[in-house]
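Topology and contacts: notes
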Amino acid sequence: APKQEEKKPEPEAPKASVQVSSKAVQELRRKSGAGMMDCKKALAECNMDMEKASDWLRKKGLASADKKAGRLAAEGVVARYIHPGSRLGVMLEVNCETDFVAASDKFQALISELGMLVASCPGVTVVSPEDVPAELLARERDIEMNKEDIKSKPEAIRAKIVEGRLKKVQDEMALINQDSLTDPNQKVSEIIKQTIAAVGENIQVRRFVRYNLGEGLEKKSSNLAEEVAQQTKAKEEEVKASEAAPKQEEKKPEPEAPKASVQVSSKAVQELRRKSGAGMMDCKKALAECNMDMEKASDWLRKKGLASADKKAGRLAAEGVVARYIHPGSRLGVMLEVNCETDFVAASDKFQALISELGMLVASCPGVTVVSPEDVPAELLARERDIEMNKEDIKSKPEAIRAKIVEGRLKKVQDEMALINQDSLTDPNQKVSEIIKQTIAAVGENIQVRRFVRYNLGEGLEKKSSNLAEEVAQQTKAKEEEVKASEAAPKQEEK
C-alpha cells in the first residue's frame, strides 16, 4: 500500500512549483496582519492569487478565533475618543484575557478604530444585534405590519418580510455589524476575530457610551447688536444705581472710619487670592471689610461670588465640553458633559480646572451616581423609605416623629449619591456646588454639570483564578495531543 501511495505525488507538484515573491508576502502581511510564513503558505496554496490567499488566511484566523470566543475575558481597557473641539466624546470598555494583550499594539489599534467608529455613527446604539431592546423591536414590528406595502402582500409572507426589515434595523444599530473604517469590505466583527487570531486571546466589546455636547438643549439665537444694547442698558442702570447709593450714604460717614485705619498687607492679599481665586482688589477690599480676619474675608468673597452666580444660574448653558478622565492603567474611566454659555469660557483655564477636578472626583467616588439630589430615582427613594420605616430603631421611636427621622436619613442618602454635594478635592471645606458657583462668578457665565458616566474595567465579570503551573501543564498537554493527532492523520491516509 505505501508503494502505491508513493506513485501519486501529483497534488504536491503545483504547490512546490509556485514561486512566492517577498514583495507579494509583504503586501499580504500588510493587508491581513498575519505572520510571514502564514502569508507565504497562503500564497503557495492559492497559486499567488492575492484575494484567495487573503480569504484563506481569514478563514484560518476565524476558525482559530471561534475556538477562543468561549473563554472568559475580564481584563482589557476602558478607553475614550474625544473628537477635536471636545464637542463629541465616546467611552468604551473592551475586554481581553490578560493585561499583556491589553497593552499590545494590535489591541490598542482595535480600540482606537472602535472609538472613532462609534463617534462617527450616531445610529449605532448597541454592541450586537441581540442587544437591541425587545420593546423597540415590538414597536417597529407593529409599525411595519401596518404599512400599506406590507398589507398589499400575501398574508403568508408578510411576517417574513417584516422580520427581514427588523433584522436590517438591528444590523444598523449594532456596532459589530458596521463596516470597518480601515477596510470597508469587512465588518467590525471580522476585524475583531482577526485580532483574536493575531493576539491569541478572546476579545469582547462589552459596552460604550456616546455624548454629543448640548444634545437636547435649545440654544439661544445669537444677535450681537441686541446683546450689546442689552448689556449697555444694564450697565447704565447699574451706574445710576451706584451713583444714587453714595448720596444716601454721605449722611452716615461714621462706619467708614474703622475701615480706613485697617492696614492690609500684600502677603495677606496673596494668601486670600490663593485660597479664593478672587481678584487682587476684591481680596484687599474683603480683608479691609473684615478687619484682616482671613476666614471672614473668605466667606465675604464667597457670598459676593455666590450672589453673582445665583443671578446667572437661570441662563441657558448649551456650550461647554465633553471631557474625560482615564485613571492610569486604563482600568477606570469617567466621561462627563459640563455646559457653559460660550465656547470662549469653555476654553478658559478656570473652566478646564473645574472639569479636571470633577472628572477625578467622579472617579474617586464610586457611590456618586447622579449630579444633584433631585436626580436620585423616585423608586430607589421609595424602596429606601420602606426599608427605613421597618427598622427596629425607627419602630421604637414615637410615631409622630418617625417620618421626620426617615426623611432626614433619605436626605443623607441623596447627598451621598449627588456629585454637587461632595467635598471638593482642592478644598475639603467646600462642596462641589460652591466650587461651581465660584467658577461662575469668576468667568461670568452660567455653568451646569449635565451628566457623567463611570466605567470600571470588568465590573460584574467573574475573573478566573490564575495558576501559572496548572495553565502551563494544560497548554503542554493540549499541544502534545495536537501533535499526536497530526502524526496519526498521515498514517490513516496511508491505509
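Residues numbered from 1 in each chain as written. Predicted model: local features only at pLDDT ≥ 70, side-chain atom pairs only at ≥ 80, totals over all residues. Heavy atoms only, no water.

Bringing the overall build of the protein into the picture now. Each helix and strand in the protein was counted, giving 23 helices and six strands. Relative to its 495 residues, the protein shows a buried fraction of 34%. Here the protein displays about 30,800 Å² of accessible surface, and carbon together with sulfur accounts for 53% of that area. (Helix = DSSP H or I, 4+ residues; strand = E, 2+ residues; numbered from the N terminus. Buried < 20%, exposed > 50% of the residue type's maximum accessible area, 1.4 Å probe, protein only. Areas by Shrake-Rupley, 256 points an atom, 1.4 Å probe, with all protein chains shown as cover.)

Time to look at the packing of aromatic side chains. Summed over all chains, the structure comprises zero aromatic pairs. In this structure, R451 is placed above the aromatic ring of Y211, and the distance from its NZ or CZ to the ring centre is 4.0 Å. (Phe/Tyr/Trp six-rings, centres within 6.5 Å; stacked < 30°, edge-to-face > 60°. Lys NZ or Arg CZ within 6 Å of the ring centre and 35° of its normal.)

Strand order in the open sheet formed by three strands is β1-β2-β3, and the pairing between neighbours is antiparallel. Strands with a single pairing partner mark the edges of an open sheet, and in this sheet they are β1 (75-82) and β3 (204-212). Across the sheet, the axes of successive neighbouring strands diverge by a mean angle of 10°, strand direction being ignored. Alignment of strand β2 (residues 88-96) against β3, held across eight bridges, turns out to be antiparallel. By the bridge assignment, M91 is partnered in β3 with V209. (Pairing = 2+ DSSP bridges. Axes fitted to C-alpha atoms, helices over the stretch in contact; angles between N-to-C directions.)

Turning our eyes to something else, we now look at helix α7 (residues 105-120). Between its first and last C-alpha atoms α7 spans 23 Å; for 16 residues at 1.5 Å apiece the expected length is 22 Å, and the two agree. Those residues of α7 hidden inside the fold are in contact with β1, β2, α6 (99-102), α11 (188-199) and β3. (Expected span 1.5 Å × (residues − 1). Contact = heavy atoms within 4.5 Å.)

Another point: the sheet that holds strand β5 (residues 332-340). Pairing within the open sheet is antiparallel, and its three strands lie in the order β4-β5-β6. Two strands close off the open sheet at either side, each with one partner strand: β4 (319-326) and β6 (448-456). Taken pair by pair, the neighbouring strands of this sheet meet at an average axis angle of 10°, ignoring direction. Inspection of the sheet shows β4 paired to β5 by eight bridges, in the antiparallel sense. Pairing of I326 across the sheet is with G333, part of β5. On the sheet, helix α18 (residues 349-364) packs against β4, β5 and β6 and is oriented at approximately 140° with respect to β5.

Here the focus is the environment of L88. Here L88 lies in strand β2. Counting along the chain gives 234 residues from L88 to V322, while the straight-line C-alpha distance between them is 6.2 Å. In this structure L88 touches Y81, I82, H83, A119, R210, Y211, N212 and V322, once residues within four positions along its chain are discounted.

So, on to the confidence of the model for the protein. The predicted model of the protein has a mean per-residue pLDDT of 81, with 74% of residues at 70 or higher. In this model residues 11-15 is a low-confidence stretch, pLDDT under 50, and it forms three contacts with partners more than four residues away in sequence or in other chains. In this model residues 248-259 is a low-confidence stretch, pLDDT under 50, and it forms two contacts with partners more than four residues away in sequence or in other chains. (pLDDT = per-residue confidence, 0-100.)

The backbone of M292 shows a phi angle near 65°, a positive value even though the residue is not glycine. The residue M292 is located in the loop between α15 (280-289) and α16 (294-312) in this model. Among the residues examined, M292 registers a relative accessible area of 31% and is labelled partly exposed.

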